[in-house]
Amino acid sequence: MGIIPGEHAVLGLIDRLTRPLLRALDPEDAHALTLRALKYAPLPRPAAGDPRLAVRAFGLDFPNPLGIAAGFDKHAEAPDALLRLGFGFVEVGTITPRPQPGNPRPRLFRLDADEGVINRFGFSSEGEAGGLARLSARARHGGIVGVNVGANRDSADRGADYVRLIETLAPVASYVVVNVSSPNTPGLRELQEAAALDDLLARVVAARERVARRVGARPILLKIAPDLSLPALDDVVAVARRRRVDGIIVCNTTITRPKGLRDAKARETGGLSGKPLFPLATRMLAETFVRVENAFPLIGVGGIDSGAAALAKLRAGARLIQLYSALVFRGLGLVAEIKADIARAIDQAGGTLADLVGLDAAAVTAQPWPE
Ligand SMILES: Cc1cc2nc3c(=O)[nH]c(=O)nc-3n(C[C@H](O)[C@H](O)[C@H](O)COP(=O)(O)O)c2cc1C
């Protein structure tokens, strides 16, 4: 159970009062309610950042390495509230060019016994117009807000969807994520195959350069699946390096079901996230780190639910980290708890945050494959 420090007394109260209620609701209704509460809560500005936690990556200065992952604020409704919770950065989306409803409900499942989540939203998106309007309206507020973009399910040219969204949304975002790893849009993950990815990234990087000439540099990151084989990961990293993307996010949800899941809802179709994803996601992060050879930074995401898990991600090769599912089980106090634990670990090691990144990558890749 997270403890909210004094500056976030309002939040602590919301957290304590609403969590029992939220857990009794349908998970999608609970999520919508949380987002609305955050949007309208009188959250104070966070205290000045702890300089030990500052990170520079992709040409951007992050006040701390912990971000909120894509999917929490799909329509860019509350990025400023999420920054005020103490996240170092917020990734909104996935946004598709045209509105689409996604899959029928229910499509979000809480695996209480496993502290996992399964979702099969399938890019429910209001389309670019709403996101563009809201991101434009807050663009001068500062803070790092990235936008995660995806192709429409029925698109005839998925590459064109990414190019278009980079051209429209990058000017009002800090960075853009090319999401080719959602398991819930049929065929989307095929864009990770070498030839398709090479073609996609050539177009995406050309769009990045056009945007840069107009409004200044906007880093473009690729978000990959944890379900790639290692030979496929070799290809992904080689193509990403050759095409000079600015970073990779490792990783999205998994379609695998690790051994030992106890909740009956584990049989639902969709992408699994949260605690049961941690071993696979962290292994894939380390595997990516050793292949990237510091050509660009990585964002590590998947199953972070404590300071120890956050540190393990950094040590496996993440310069920045993100989380989502653990908020459901641990509450919003987890943000402050993780930051405090990272600061303490930096002090104990006697170096800087950067010194921790990738320390354990080789060791993690030598372990037996997580089951
Ligand atoms: C309900 C839900 C919706 C998500 N939607 C998106 C999405 O729209 N785009 C995306 O790139 N990732 C999405 N994700 C994946 C997360 O961004 C993250 O990669 C994954 O959940 C692993 O992190 P976690 O274990 O901390 O949740 C979603 C995850 C969840 C649980």
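Residues numbered from 1 in each chain as written. Predicted model: local features only at pLDDT ≥ 70, side-chain atom pairs only at ≥ 80, totals over all residues. Heavy atoms only, no water.

Trainee: When you look at the site of the ligand in this model, what are you seeing that I'm missing?
Mentor: In the region of the ligand, 25 residues are neighbours, and Ala70, Thr94, Gly274, Gly303 and Ser325 sit closest. Separating an oxygen atom of the ligand from a side-chain N or O atom of Lys223 is a distance of 2.8 Å. Gly274 has a polar backbone atom sitting 2.8 Å from an oxygen atom of the ligand. Sorting the residues of the shell around the ligand by element identifies β4 (89-95), β6 (116-119) and β11 (271-274) as the ones contributing at least two each. Considering only residue class, the shell around the ligand consists of 10 nonpolar, 13 polar and 2 charged. (Near = heavy atom within 4 Å. Polar contact = N/O pair within 3.5 Å; in protein donor to acceptor, adjacent residues only side chain to side chain. Helix = DSSP H or I, 4+ residues; strand = E, 2+ residues; numbered from the N terminus. Nonpolar A, V, L, I, M, F, W, Y, C, P; charged D, E, K, R; others polar.)

Trainee: Teacher, can you tell me more about the pairing of β6 here?
Mentor: It is a general feature of regular strands that their side chains alternate between the two faces of the sheet. What you see with β6 is no split at all: Gly116 and Ile118 on one side and Val117 and Asn119 on the other are buried throughout. Where strand β5 (residues 108-111) lies against β6, 4 bridges are found, and the strand directions are antiparallel. Of the residues in β6, the one forming a bridge with Phe109 is Ile118. Remark: 4 residues form the turn of the hairpin made by β5 and β6, two consecutive strands paired antiparallel; Glu115 in that turn has positive phi of roughly 55°. Pairing of β6 with β11 involves 4 bridges; the strand directions are antiparallel. Pairing of Val117 across the sheet is with Ser273, part of β11. (Buried < 20%, exposed > 50% of the residue type's maximum accessible area, 1.4 Å probe, protein only. Pairing = 2+ DSSP bridges.)

Trainee: How should helix α2 (residues 27-40) be read in this particular structure?
Mentor: Residue pairs three or four apart in sequence face the same way in an α-helix, which turns once every 3.6 residues. For α2, which comprises 14 residues, the first-to-last C-alpha distance of 20 Å matches the rise-based estimate of 20 Å (1.5 Å per residue) to within 8%. Taken as a whole, α2 has its buried residues at Glu28, Ala30, His31, Thr34, Leu35 and Leu38. End-on, the buried residues of α2 take up no more than an arc of 160°, which puts them together on one face. Regarding α2, its N-cap is Asp26, as a side-chain oxygen of that residue lies 3.0 Å from the backbone nitrogen of Glu28 further along. (Expected span 1.5 Å × (residues − 1). Arc of directions from axis to C-beta.)

Trainee: Explain the pattern of salt bridges to me, please; I cannot follow it from the model alone.
Mentor: Should the charged atoms of two oppositely charged side chains come close, the side chains can pair. One pass over the structure, following the stated rule, counts 32 salt bridges. For Arg52, the salt bridge identified is with Asp347, shortest N-O distance 2.4 Å. In this pair, Arg52 is assigned in the loop between α2 and β1 (55-57) and Asp347 in helix α11 (residues 334-349), connecting sequence segments 295 residues apart. What makes Asp347 partly exposed here is its relative accessible area of 46%. The residue Arg208 makes a salt bridge to Glu209 at a minimum N-O spacing of 2.8 Å. Arg208 gets classed as buried once you look at its relative accessible area, which sits at 11%. (Salt bridge = Lys/Arg side-chain N within 4 Å of Asp/Glu carboxyl O.)

Trainee: How should the sheet that holds strand β13 (residues 320-323) be read in this particular structure?
Mentor: Strand pairing within a sheet occurs via backbone hydrogen bonds; the two strands may be parallel or antiparallel. Strand order in the closed barrel formed by 8 strands is β3-β4-β7-β8-β9-β10-β12-β13, with parallel pairing between adjacent strands. Between one strand axis and the next, the sheet turns by 25° as a mean value, whatever way the strands run. (Axes fitted to C-alpha atoms, helices over the stretch in contact; angles between N-to-C directions.)

Trainee: Could you clarify how one ought to interpret unusual backbone geometry in this entry?
Mentor: For residues besides glycine, phi is generally negative; the peptide bonds are generally trans as well. Arg105 connects to Pro106 through a cis peptide bond whose omega is -5°. Inspection of the secondary structure puts Pro106 in the loop between β4 and β5. Cis peptide bonds are those with omega within 30 degrees of zero, and the linkage from Val250 to Cys251 qualifies with 20°. Looking at the element boundaries, Cys251 is found in the loop between β10 (247-250) and β11.

Trainee: Looking at this structure, I do not really get the side chain of Thr185. What am I missing?
Mentor: By secondary structure assignment, the location of Thr185 is in the loop between β8 (176-179) and α6 (194-215). In this structure Thr185 touches Gly122, Phe123, Arg153 and Arg158, once residues within four positions along its chain are discounted. (Contact = heavy atoms within 4.5 Å.)

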